[in-house]
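Coordinate inspection notes
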Amino acid sequence: MIGAIEAGGTKFICGVGNEKGEIFEKVSFPTETPEITLAKVVEFFKDKNIERLGVGSFGPIDVNPKSKTYGYITKTPKLAWTDCDVIGYLKKHFDVPMFFDTDVNGAALGEATWGAAKGLDNCLYMTIGTGIGGGALVSGKLVHGMLHPEMGHIIIKRHPKDNYEGKCPFHKDCLEGMAAGPAIEARWGKKGYELPSDHEAWDLEAYYIAQGLVNFILTLSPEKIILGGGVMKQEQLFPKIRKEVVELLKGYVQTTEILENIDNYIVYPGLGDNAGLLGALALAL
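Right, let's walk through the structure included here. Model, not experiment: these values are computed from the prediction.

Conventions and cut-offs
- Residues numbered from 1 in each chain as written.
- Predicted model: local features only at pLDDT ≥ 70, side-chain atom pairs only at ≥ 80, totals over all residues.
- Heavy atoms only, no water.
- Helix = DSSP H or I, 4+ residues; strand = E, 2+ residues; numbered from the N terminus.
- Areas by Shrake-Rupley, 256 points an atom, 1.4 Å probe, with all protein chains shown as cover.
- Lys, Arg positive; Asp, Glu negative; His and termini not counted.
- Charge placed at Lys NZ, Arg CZ, Asp CG, Glu CD.
- Contact = heavy atoms within 4.5 Å.
- Salt bridge = Lys/Arg side-chain N within 4 Å of Asp/Glu carboxyl O.
- Buried < 20%, exposed > 50% of the residue type's maximum accessible area, 1.4 Å probe, protein only.
- 1 Å grid on protein atoms, 1.4 Å probe; cavity = no way out; pocket = protein on both sides within 12 Å on 5 of 7 lines; lining within 4 Å.
- Points joined across faces, edges and corners; volume = space filled by probe spheres on them.
- Nonpolar A, V, L, I, M, F, W, Y, C, P; charged D, E, K, R; others polar.
- Pairing = 2+ DSSP bridges.
- Axes fitted to C-alpha atoms, helices over the stretch in contact; angles between N-to-C directions.
- Parallel < 35°, antiparallel > 145°, perpendicular 65-115°, else oblique.
- Left-handed = near helix turned anticlockwise from the far one by under 90°.
- Phe/Tyr/Trp six-rings, centres within 6.5 Å; stacked < 30°, edge-to-face > 60°.
- Lys NZ or Arg CZ within 6 Å of the ring centre and 35° of its normal.

Quick notes on the overall build of the chain
Per the secondary structure count, the chain includes 9 helices and 12 strands. If you sum the accessible surface of the chain, you get close to 13500 Å²; carbon and sulfur atoms cover 51% of it. Charge centroids of the chain, computed over 29 positive and 36 negative side chains, lie 2 Å from each other.

Observations regarding the side chain of Q236
Along the chain, Q236 falls in the loop between β11 (225-228) and α7 (237-249). With near-sequence residues (within four places) excluded, Q236 lies in contact with S197 and W202.

Focus on the pattern of salt bridges
Two side chains bearing opposite charge may form a pair once their charged atoms approach each other closely. What the rule picks out here adds up to 12 salt bridges. Of the charged contacts in the structure, one is a salt bridge between K48 and E25, with a shortest N-O distance of 3.9 Å. Taken as a pair, K48 in the loop between α1 (34-45) and β4 (52-57) and E25 in strand β3 (residues 23-30) lie far apart in primary sequence, 23 residues in all. By relative accessible area, K48 is classed as buried at 15%. For E25, a relative accessible area of 39% translates into the label partly exposed. Connected through salt bridges with shared partners, the residues E25, D47 and K48 form a single ionic network.

Things to note about the layout of surface pockets
Here the second largest pocket is characterised by a volume of approximately 270 Å³. Around the second largest pocket, the lining comprises 13 residues; the ones closest to its centre are G181, K191, G192, Y193 and V231. With 4 residues, the single largest contributor to the lining of the second largest pocket is helix α5 (residues 181-188). In the lining of the second largest pocket, the residues fall into 5 nonpolar, 6 polar and 2 charged.

Looking at the sheet that holds β4
Ordered by their spatial adjacency, 5 strands build an open sheet running β3-β2-β1-β4-β7, and the pairing between neighbours is mixed. The outermost strands of the open sheet, each flanked by one partner alone, are β3 and β7 (98-102). Pairwise comparison of adjacent strand axes, ignoring direction, gives a mean angle of 15° for this sheet. Relative to strand β2 (residues 11-17), strand β1 (residues 2-7) is paired through 6 bridges, and the arrangement is antiparallel. In the sheet register, I5 faces β2, and the bridge partner there is C14. Along the sheet, helix α3 (residues 103-114) contacts β1, β4 and β7; its crossing angle with β7, the most-contacted strand, is approximately 105°. Contacting β1, β2, β3, β4 and β7, helix α9 (residues 275-284) runs over the sheet at an angle of about 130° to β1.

Digging into the packing of helix α6 (residues 201-220) against α7
A pair of packed helices is characterised by two quantities: the angle between their axes and the separation of those axes. Relative to each other, α6 and α7 sit at 50°, their axes nearing to 8 Å. In terms of orientation, α6 and α7 fall into the oblique class. The two elements α6 and α7 cross, and the hand of that crossing is right-handed. Counting all contacts with α6, which are made through W202, D203, E205, A206, Y207, I209, A210, Q211, L213, V214, I217 and L218, the residues of α7 involved are L237, K240, I241, E244, V245, L248 and L249. When grouped by side-chain class, the residues that make up the contact of α6 with α7 number 14 nonpolar, 1 polar and 4 charged.

Some words on the packing of aromatic side chains
Per the counting criterion, the structure on display carries 8 aromatic pairs. For the ring pair F238 and Y268, a centre distance of 6.3 Å and an interplane angle of 75° mean the geometry is edge-to-face. Taken as a pair, F238 in helix α7 and Y268 in the loop between β12 (266-267) and α9 lie far apart in primary sequence, 30 residues in all. Judged by its relative accessible area of 30%, Y268 falls in the partly exposed class. In this structure an aromatic cluster arises from ring pairing among F12, F29, F58 and W81. Of note, K48 hangs over the ring of F44, and the distance from its end group to the ring centre comes to 4.4 Å.

Spelled out as C-alpha cells, the structure:
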C-alpha cells in the first residue's frame, strides 16, 4: 500500500494505491492553513497502513536531501505556507520512507510511468492553471540542480497588441504573469471557462504558451510534451499552440514529432485529472 499526496495551492488530494498505478481510495479538500490541511492529511492516512509515501507539492520547495530544510515549502506566494516543514510534520505521524518533489515533476514521472509518455526517457509536463509550472524527465531522471525547474517564470516576448502589465507578483510579465488563469481573468474580466471558445483570449494564450514550449524544446529536447491544468481544459487551445510552436521554430528543429506528428507530440495528460496524484504515487516508487 502506497500513500500519495498531490499538495496543490488550491486543493490537496490524498490517495492510496499500488505499484501498478491503481488508486483504491482518494479524498480531496481545500488548501487552508498548514495546521488545518496537514491535520486532514494525517487523519486520512492514519488507518491505511501505508508502506511508503510520495508527496508532489506546489513550490518553491527544498528537494535537496542534504539540506537542513529538505521537505520544506520555502518562500511561496501562499504566505501561510512559507517555510512549512511538510515532510517533518508527516514524519512525526508515519514511520515510512517518504519522497518529496514538485507536483509537476511528479506528474512528469507519472505520465512517463503510466500515461502519455509511457516508455519514454524524456518528457515535459506543464500545468497551466492558477499558476504555471513545469517538470521534466531527462534521460530517465527528474531534473534537479540548485533548486528545481521553475518554468512558469521564464521571460517571454509580449504580444504587440497586448498592453496588460502581467499578474506575477515577482516579475509581472513572465509566462505565468501573462498566461496563467488569474492573468486571463484580470485581462478580460472573466474566468477562462466563462469566455467563448472563439474569444481572442485564446490566440493570445497560445502565443505565450508556445513561446515557453519552444524554449523548452530547444533546451530539453523532450520526446513528448504534456499540458495539464484548468486552462488546458479549453480544448481549442491545443491546435492553436501546436501551430504557434511550428511557426516559432521556423523549421529549425527537423524532427518527425514537430514536422509530421505534432498532434501526438503536444498532448493532454494521459492520466487526466489523476496526473498529479499518480505522479506522487510514482515518486514513492
